[in-house]
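A closer look at the structure
These are the residues of each chain, in order.
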Amino acid sequence: MAPRKSVALRDVLLTSSLACAFAVAAASDSSALPNQPLLDRRTDDPWAAAKTQAAAAVAQLTTEEKIRVMSGSGFGSGACVGQTFPVARAGIRAFCLQDGPTGVRVADGASAFSASINVAATFDKQLMKERGELIGAEFAGKGVDIALLPVNMARDPLGGRNWEAQGADPYLTALSVGYQIRGVQSQGVVTTVKHLVGNEQESWRHHTSSDIDDRTLREIYLRPFQYAVQKENAAAIMHSYNMINSTHTGENARLLTDIVKNEWGFDGFIVSDWSAVVNSTQAANAGLDMLMPGRSWTTLCSTCWGLNLLNDVQAGRVPEARINDAVTRILAAAYFVGLPTGSKSVHFLTDAKVNVQGNHRKHIRAAGAASTILAKNIRGTLPLTSATRSIAVIGSDATHGTAYTSGGVSSTGNLAQGGGSGPTRFPYLISPLAALSARAADGNFAIKHALNDSAPAAAASVAALCDVALVFVKSYATEGSDRASYALDAAGDALVLAVAAANKNTVVVLNVPGPTDMSAWADHDNVTAILFALYPGQESGNSLADVLFGDVNPSGRLPFTVARNPADYGVKTVTEFTFPNGTTVSVATYREANFDLLPYDQQPKVPYSEGLFFDYRRFDRDNTRPLYPFGHGLSYTSFAYANLKVTAASRHGVDVSVDVTNAGALPGPEVVQLYLGYPAAANEPVKQLKAFEKVNIKPGATASVSLHVDSFFLPVWDVAKQDWVVPAGEYTVYVGASSGDIRVTAKFSI
């Protein structure tokens, strides 16, 4: 390892040219806030009792015992993906940490929930919370103490973990993460919000530096974490593998201690991602509280704790006060969520009879349907009716697959979740073909199928025999690598085009983790309907069938923009690196560990040069028309908007009301979205999502919908003042059905 070049995060941010440029943008008449943008924040301390209890427990521990609570005991030392050392004398067990976002990883008798990207796509706060409650109950039932979820945003459209993220907007991410935290922790399980911060690409993730200017870091990437801490009392945070401006996140005192703990008032603990620590001594001093996965107690290494940290304390390299603080935080988090610290069984593969699924399949089915996005629907193709007498089911993605039980993902069948540490074992998988066949048995229509993706001609022949053709296509995403392109897997475009040439009612269903290049066929006259099913979990087929046949009126909304031309995104995965000697290497062939030979500030850079302007913010700025805008999603009915009123507007928040009428013939939910435009002097994006509500409205009825812009989401970051400010001037309220479908506007001034 090359000598560490220590660079303070704050110094780098404040001296960068981009940060300085943003500093000029701060309006002189802006209203400064006291570094805590929560004007309505509660004055009592909900953590007080937990901290007092933890401090009393820590006072009874020896230094070695404290370090045992902080240290991972290594892979394979227990049933969980991570566990600490127990302190038997004090009655503190080895805490169990386990992935992940779709349920309890590698556990039998547990559910495979919809992916996080699906949860965000529901735009449904109650469903988000319910998902957290049910997942939390399964973690608790399996004996898990600390759940490693939820995951952060999707900046790079090709990011390998986008399916685990909450979409491409900080407000939507904050709300989705926040409600899930509320649900999980209500079950006595610690949530771990991850990955702090800038881990938006997987390629070379251990050695890349996400170079982010101060304003963008604060307003976009740190914002959901801050919300999770200050609004939802997240009990733990996991730092990321990557560097921020050439400083490793796990050794960054400015980030971990100054900002997260001191400025935000975070009372929980910070844990490392697995094997993310480079220098364990510096990590301890920077504010890391728990190191994972660790090694045996006596293993001596520069990247683990145990005896190493005890030696550091005894040699004066790490102060005892830092140890006391870390252990107090870990125990306080346990006490805060009501987690007992005494002995408890962990029921994983060794005890499959401990079944924690309950009736959670009902939620998973409903969530899958609620997150299905109807992107296109012409000539009344959907919902399917009794007039449809025959359906062609095309593509391997419609099938059960052969490998779905081993790691949670099937490369040969329906793609209902992604890869890496995030997927769970399916207790079962309802494929689209199985669900449709069951409907056919009860109904009066026939199913024909062609499931070989490599035989488009055969698929076209089958499609030509049927009233409607359903083509299932997919794109696989996984932790550890990024998608290589926007193309569909298994020559999906050719399959769609062949079927569309043979059937005038072709419906395309996409199991994808994010934006996909659909330009070859999206506007095809015979492609009459398009649905994004994303990664819906174990009830995949049933969720889709509920939407196809109109049992559920689709209400999913895109949590990302779908471009007509992928170049319009303006964000590229860094997959090549040029060494100082001019040699260029590629992520496809170059071993990442070789970057250890370079000083940190010479390792690969991921420039966030787009600043605040990615996804719909960029499309708005450039006046570029996407194929489908952020927030887009059709219904089987229609809605009209009127009478937008700003009822209150101040530094404490903004309240508006709008009348929404169901102008169609079917009942259904509408997702009413509020975007805010700032005064020109603020140099903010044209508009930004700041509130949404999902409301069910009967045909002909009008709902008065109230929307609130919380004081947390109103300020912008002033780089020069290093503080949050509410810019003075005229604001524009945009309310509509998506970022590209604004129905009514209003203005107010602060």
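Structure shown above.
Residues numbered from 1 in each chain as written. Predicted model: local features only at pLDDT ≥ 70, side-chain atom pairs only at ≥ 80, totals over all residues. Heavy atoms only, no water.

1. What about the pattern of salt bridges?
Should the charged atoms of two oppositely charged side chains come close, the side chains can pair. Across all of its chains, the model carries 36 salt bridges by this definition. Across the pair Arg-89 and Glu-65 runs a salt bridge whose closest N-O atoms are separated by 2.7 Å. Placement of Arg-89 in the loop between strand E2 (82-83) and strand E3 (96-99) and of Glu-65 in helix H4 (residues 63-70) is noted, with a sequence separation of 24 residues between them. With a relative accessible area of 11%, Glu-65 lands in the buried category. What you see here is one network of salt bridges that share partners, running through Arg-161, Glu-164, Glu-202, Arg-205 and Glu-479. (Salt bridge = Lys/Arg side-chain N within 4 Å of Asp/Glu carboxyl O. Helix = DSSP H or I, 4+ residues; strand = E, 2+ residues; numbered from the N terminus. Buried < 20%, exposed > 50% of the residue type's maximum accessible area, 1.4 Å probe, protein only.)

2. Structural notes on the packing of helix H6 (residues 125-141) against helix H7 (residues 170-185)
The geometry of a pair of packed helices is captured by two quantities: the angle between their axes and the separation between those axes. Taken N-terminus to C-terminus, the directions of H6 and H7 make an angle of 40 degrees; their axes are 6 Å apart at the nearest point. On the basis of the axis angle, H6 is oblique to H7. The two elements H6 and H7 meet at a crossing, and its hand is right-handed. Across the interface between the two elements, Lys-125, Met-128, Lys-129, Arg-131, Gly-132, Glu-133 and Gly-136 from H6 touch Leu-172, Leu-175, Ser-176, Tyr-179, Gln-180, Arg-182, Gly-183 and Val-184 from H7. Its residues placed into classes, the contact of H6 with H7 shows five nonpolar, five polar and five charged. (Axes fitted to C-alpha atoms, helices over the stretch in contact; angles between N-to-C directions. Parallel < 35°, antiparallel > 145°, perpendicular 65-115°, else oblique. Left-handed = near helix turned anticlockwise from the far one by under 90°. Contact = heavy atoms within 4.5 Å. Nonpolar A, V, L, I, M, F, W, Y, C, P; charged D, E, K, R; others polar.)

3. A short note on the sheet that holds strand E8 (residues 243-244)
Overall, mixed pairing links the four strands, which are arranged E9-E8-E6-E19 in an open sheet. A single partner strand is all that each edge strand has here, and the edge strands are strand E9 (247-248) and strand E19 (605-607). Bridging between strand E6 (residues 209-211) and E19 involves three bridges; their strand directions are parallel. Paired with Ser-209 across the bridge in E19 is Lys-605. (Pairing = 2+ DSSP bridges.)

4. Some thoughts on the nonpolar core
Considering soluble globular proteins, one finds that nonpolar side chains tend to be buried as a cluster. The biggest cluster of nonpolar side chains holds 123 residues, and the ones touching the most others in it are Leu-510, Met-518, Ile-530 and Phe-532. With nine residues, the top contributor of residues to this core is helix H13 (residues 320-336). When sequence neighbours within four positions are dropped, the list of residues in contact with Leu-510 reads Val-473, Leu-488, Met-518, Trp-521, Ile-530, Leu-531, Phe-532, Ala-533 and Leu-534. If you look at the next biggest cluster of nonpolar residues, it comprises 49 residues, including Tyr-678, Val-716, Val-733 and Ala-737. (Core = buried A, V, L, I, M, F, W, Y, C linked by side-chain atoms within 4.5 Å.)

5. Observations concerning the sheet that holds strand E20 (residues 639-650)
Strands sit in the order E20-E21-E24 across an open sheet of three strands; the sheet is antiparallel. For this open sheet the edge positions go to E20 and strand E24 (702-710), each flanked by a neighbour on one side alone. If you compare each strand with its neighbour and ignore which way they point, the axes differ by 20 degrees on average.

6. What about the environment of Gln-673?
Mapped onto the elements, Gln-673 comes out in strand E22 (residues 668-677). Expressed as a C-alpha distance, the spacing of Gln-673 and Ile-742, which sit 69 residues apart in the sequence, is 8.7 Å. A polar side-chain atom of Gln-673 sits 2.8 Å from the main-chain carbonyl oxygen of Ala-737. (Polar contact = N/O pair within 3.5 Å; in protein donor to acceptor, adjacent residues only side chain to side chain.)

7. So, the pairing of strand E11 (residues 373-377)
Taken across its five residues, E11 has four buried, putting it largely inside the fold. Inspection of the sheet shows E11 paired to strand E16 (residues 527-532) by four bridges, in the antiparallel sense. Residue pairing in the sheet places Leu-374 in a bridge with Leu-531 of E16.

8. Looking at unusual backbone geometry
It is generally the case that most residues other than glycine have a negative phi and that most peptide bonds are trans. Geometrically, the link from Leu-196 to Val-197 is a cis peptide bond, its omega value of 0 degrees lying close to zero. Here Val-197 is to be found in the loop between strand E5 (190-196) and E6. Its identity as a non-glycine residue notwithstanding, Ser-246 has a phi of 75 degrees, on the positive side. Tracing the backbone through its elements, the reader meets Ser-246 in the loop between E8 and E9. For Ser-246, a relative accessible area of 8% translates into the label buried.

9. Some thoughts on the packing of aromatic side chains
All told, the structure shown has 27 aromatic pairs when counted by the stated rule. On the numbers, 5.9 Å between centres and 55 degrees between planes, the contact of Trp-163 with Tyr-535 is tilted. In this pair, Trp-163 is assigned in the loop between strand E4 (146-148) and H7 and Tyr-535 in the loop between E16 and helix H18 (540-548), connecting sequence segments 372 residues apart. Classification of Tyr-535 by relative accessible area gives buried; the value is 0%. The interplanar angle of 90 degrees and the centroid separation of 5.2 Å between the aromatic rings of Phe-577 and Phe-595 together place this pair among those described as edge-to-face. In this pair, Phe-577 sits in strand E17 (residues 576-578) while Phe-595 sits in the loop between strand E18 (584-586) and E19, placing the two residues 18 residues apart along the sequence. Neither Phe-577 nor Phe-595 differs from the other in exposure class; each is buried. Each residue in the set Phe-123, Tyr-171, Tyr-227, Tyr-616, Phe-630, Tyr-675, Phe-692, Phe-712 and Phe-713 is aromatic and connected to the rest through ring pairs, giving one cluster. Here the basic side chain of Lys-687 rests over the ring of Tyr-734, its NZ or CZ set 5.9 Å away from the ring centre. (Phe/Tyr/Trp six-rings, centres within 6.5 Å; stacked < 30°, edge-to-face > 60°. Lys NZ or Arg CZ within 6 Å of the ring centre and 35° of its normal.)

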